[in-house]
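Structural features, examined
Okay, here's what each chain looks like letter by letter:
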Amino acid sequence: MNGPGQETSRPVALVSGGSRGIGRAVALRLAEEGHDVSLCYRGDEQAAANLRKELNEIGVRVLARRVDVTDAAAVRDWVDATELELGPVAVAVTSAGITRDRPMLLMSDGDWHDVVDTNLDGVHHVCKAVLFPMMKRRAGSIVTVASVSGLQGNAGQTNYAASKAGIIALSRSLAKEVGRRGIRVNSVAPGLIDTDMSAVLDDRVRQQVTERTALGRAGLAAEVAEVVAFLASARASYVTGAVLPVDGGL
Ligand code: NDP
């Protein structure tokens with residue numbers, strides 16, 4: 001943890017997968033809205049260091065930690081360290097996610113488990129770790145990053161779509177469990193967004209998706225971050241259990 005302004009008490013936003021792509025855009029957007037930021041990543045130290053530097057330069061305190069979200073104990077340690085070093089977690093956003101796209105007949109059990117463990121178990125671990133302190137304070141806002149694949153299904157993504165449908169069901173159920181404790185839980189379902197994850201798609205698939213998109217283009221990570229920031233904030237104080245597509249009309 002480092003950065004100026006340690007004497008101030010800004011609300012803290014915790015973002016899994018916050019070093020790149022949508023998570024990175026969310027971290028920047030929430031920082032702009034006045035949050036200090038705790039982010040985790042799996043392996044790309046450089047991306048995390050770059051973002052920490054960028055945030056520190058605008059006076060934001062940052063905890064950037066290498067944490068595999070499939071590891072429940074490591075996630076708990078990360079949340080504990082965040083509360084200790086930065087302060088109470090007001091907002092948690094789960095953006096860590098991976099794809100291993102293949103038709104089911106060609107999909108190894110390993111590909112299935114890697115995706116479900118990261119995308120769904122990872123969200124479970126983060127939500128569970130932040131929930132206890134949020135419940136004690138009777139305040140908090142959680143935003144999970146799902147996908148249109150979890151709403152509509154997508155050929156070649158049985159593992160990914162199942163994990164994302166699971167995230168949506170988890171979020172809606174958790175919203176019902178903790179609403180009376182002052183905690184809101186919402187989800188965004190992005191369509192095709194320009195990040196490293198979607199850069200691996202071949203041009204033909206990309207074109208097919210953009211042709212089916214009302215706005216005729218892929219989205220930007222910042223456009224997803226804007227919706228996440230809204231759901232996370234008090235501006236959405238009567239919104240919980242919602243799943244907002246951010247898909248350009250796919
Ligand atoms: P990126 O690949 O650009 O970034 C993924 C981020 O997640 C990185 O910070 C990565 O860390 C982190 N991460 C991956 N696995 C783990 C893990 N096991 N533990 C901790 N961190 C991990 O992806 P996007 O930004 O595109 O995707 C973000 C989320 O948005 C995902 O949940 C994805 O499913 C969802 N989404 C994306 C869409 C798109 O078109 N891009 C569409 C719909 C949903 P590191 O850099 O260290 O690997």
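Description of the structure in this document. Just so it is clear, the model here is predicted, and its values are computed rather than measured.

Moving on, we come to the pairing of strand 6 (residues 183-190). The buried fraction of strand 6 amounts to eight of the eight residues, a majority that puts the element mostly inside the structure. Neither face of strand 6 is left uncovered, since the one carrying Ile183, Val185, Ser187 and Ala189 and the one carrying Arg184, Asn186, Val188 and Pro190 both have all their residues buried. Strand direction decides the pairing type here: strand 5 (residues 140-145) and strand 6, joined by six bridges, are parallel. Each bridged residue has a counterpart across the sheet, and for Val143 the counterpart in strand 6 is Asn186. Direction of pairing for strand 6 relative to strand 9 (residues 243-246): parallel, over a ladder of four bridges. Within the sheet, the bridge partner assigned to Pro190 lies in strand 9 and is Val246.

This paragraph deals with the environment of Ala72. Inspection of the secondary structure assignment puts Ala72 in helix 3 (residues 72-85). Take Ala72: its relative accessible area is 24%, and that puts it in the partly exposed class. Linking Ala72 and Ala129, residues 57 residues apart in sequence, is a C-alpha distance of 8.3 Å.

One pass over the full model with this rule turns up 16 salt bridges. Residues Arg20 and Asp44 are paired through a salt bridge, measuring 3.9 Å at the closest nitrogen-oxygen approach. With Arg20 in the loop between strand 1 (12-16) and helix 1 (21-32) and Asp44 in the loop between strand 2 (36-41) and helix 2 (45-57), this pair connects stretches of sequence that are 24 residues apart. Owing to a relative accessible area of 34%, Asp44 belongs among the partly exposed residues under this scheme. Glu57 is the salt-bridge partner of Lys53, the closest N and O atoms lying 3.2 Å from each other.

We now examine the site of the ligand. By nearness alone, 30 residues border the ligand, and Arg20, Ile22, Gly43, Tyr160 and Thr195 come closest of all. A distance of 2.7 Å is found between an oxygen atom of the ligand and a backbone nitrogen or oxygen belonging to Ile22. One of the backbone nitrogen or oxygen atoms of Ile193 is found 2.9 Å away from an oxygen atom of the ligand. Protein chains bury 96% of the 900 Å² of accessible surface belonging to the ligand in isolation. Of all the elements in the fold, those that place two or more residues in the shell around the ligand are helix 1, helix 6 (158-178) and helix 7 (196-199). In terms of residue class, the shell around the ligand is built from 13 nonpolar, eleven polar and six charged.

Conventions used here
Residues numbered from 1 in each chain as written. Predicted model: local features only at pLDDT ≥ 70, side-chain atom pairs only at ≥ 80, totals over all residues. Heavy atoms only, no water. Buried < 20%, exposed > 50% of the residue type's maximum accessible area, 1.4 Å probe, protein only. Helix = DSSP H or I, 4+ residues; strand = E, 2+ residues; numbered from the N terminus. Pairing = 2+ DSSP bridges. Salt bridge = Lys/Arg side-chain N within 4 Å of Asp/Glu carboxyl O. Near = heavy atom within 4 Å. Polar contact = N/O pair within 3.5 Å; in protein donor to acceptor, adjacent residues only side chain to side chain. Areas by Shrake-Rupley, 256 points an atom, 1.4 Å probe, with all protein chains shown as cover. Nonpolar A, V, L, I, M, F, W, Y, C, P; charged D, E, K, R; others polar.

Don't take any of this as a statement about function, it's just geometry.
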